[in-house]
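Per-entry structural report
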Amino acid sequence: MQKLSMDDLGRLSPEEFKAAEKMPLIIILDNIRSMHNVGSVFRTADAFLCEQIMLCGYTPQPPHRDIHKTALGATETVAWSYFKETAAAVAQARQKGYAVYAVEQAVHSISTEKMEVLKTLSADGIAKGLVLILGNEVQGVEQQIIDLSDGCLEIPQYGTKHSLNISVAAGIVIWESSKLLRSIR
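Now for a description of the structure that goes with this document. (Residues numbered from 1 in each chain as written. Predicted model: local features only at pLDDT ≥ 70, side-chain atom pairs only at ≥ 80, totals over all residues. Heavy atoms only, no water.)

**Let's talk about the overall build of the protein chain**
If you tally the helices and strands in the protein chain, you get 7 helices and 7 strands. Taken from N to C terminus, the helices and strands of the protein chain fall in the order α-α-β-α-β-α-β-α-β-β-β-α-β-α. A compact globule built from 185 residues should have a C-alpha radius of gyration of about 16 Å, and the protein chain, at 16 Å, falls within 12% of that. Considering only C-alpha atoms, the protein chain reaches an extent of 45 × 40 × 35 Å along its principal axes. (Helix = DSSP H or I, 4+ residues; strand = E, 2+ residues; numbered from the N terminus. Rg over C-alpha atoms; globule rule 2.2 N^0.38 Å.)

Written out as C-alpha cells, the structure is:
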C-alpha cells in the first residue's frame, strides 16, 4: 500500500469548491465557546461540501487566528453567516424548505443509526435539505431552539461519558447526514 500525496488526492481548489454543487446541509452553531471547535466544524463542512454554516449568539466568527489554526483555510471556502439569535437562523433555513434537527439527547430523539427515517420527516413534508443544530459545549442546544426543531438526533454512546466534544459530534452527524442526503439525491 502506498500513501497518497497531496497531488494524488485531487482536491478542489477554493474556486472549484465555491462553484461546486453543495450538499443541501446547513450547520447551525448555537453559542459555541471554543474557537477551535468552530474551526473544526468549518474544516468538516468543507470536507463534505456542506452548503453553509450559521454562527449564532456568542459563537466566535472568522477571521481569527485560533479559528484559522483549526479550519486550515475552510473559512475561505465554506459559506457562513452570523445571527445574533439562533431562532433567526432557524427561520431562515425553514424559509428554504429545510428540515431542522438539533443534535441533542432528548425524549424521542432519533439515533444517528436510524437516520433513514428523516427521508420523509419535516414540518411540511419532504424537505429540500437538512439543518443540524449543534449547541454549547456545556449546556447543549437551548430548549427554546429544540422547540423550533422538527426533532433531535442523538449519537449513541455506550461508555460512562454522556457527551462528545462538539467537533467530534459534528463530524459524526455530518458524515451520517451526508450518507442520507446522497442516498436521496
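**Quick notes on the packing of aromatic side chains**
Geometrically, a pair of aromatic rings is defined through the distance of the ring centres and the angle of the planes. Under the criterion given, the structure shown has 1 aromatic pair. With centroids separated by 5.9 Å and ring planes inclined at 55 degrees, the aromatic side chains of Phe48 and Trp175 adopt a geometry described as tilted. Of this pair, Phe48 sits in the loop between α3 (35-47) and β2 (50-56) while Trp175 sits in helix α7 (residues 166-184), and the two are 127 residues apart along the sequence. Overall, the relative accessible area of 37% leaves Trp175 in the partly exposed class. In this structure, Lys22 packs its charged tip against the face of Phe17, placed 5.0 Å from the ring centre. (Phe/Tyr/Trp six-rings, centres within 6.5 Å; stacked < 30°, edge-to-face > 60°. Buried < 20%, exposed > 50% of the residue type's maximum accessible area, 1.4 Å probe, protein only. Lys NZ or Arg CZ within 6 Å of the ring centre and 35° of its normal.)

**Here we look at the pairing of strand β6 (residues 129-135)**
Judged by how many residues are buried, β6 sits mostly within the fold: 7 of 7 residues are covered. Here 6 bridges tie strand β1 (residues 23-30) to β6, and the two strands are oriented parallel to one another. From the neighbouring strand, Asp30 faces β6, where its bridge partner is Gly135. (Pairing = 2+ DSSP bridges.)

**Let's talk about unusual backbone geometry**
Pro62 connects to Pro63 through a cis peptide bond whose omega is -5 degrees. Following the sequence through the fold, Pro63 ends up in the loop between β2 and α4 (65-71). The backbone of Asn31 sits at a positive phi, close to 55 degrees, despite the residue not being glycine. The phi angle at His108 is positive, at roughly 65 degrees, despite the residue not being glycine. Looking at where His108 falls in the secondary structure, it is placed in the loop between β4 (98-103) and β5 (110-111).

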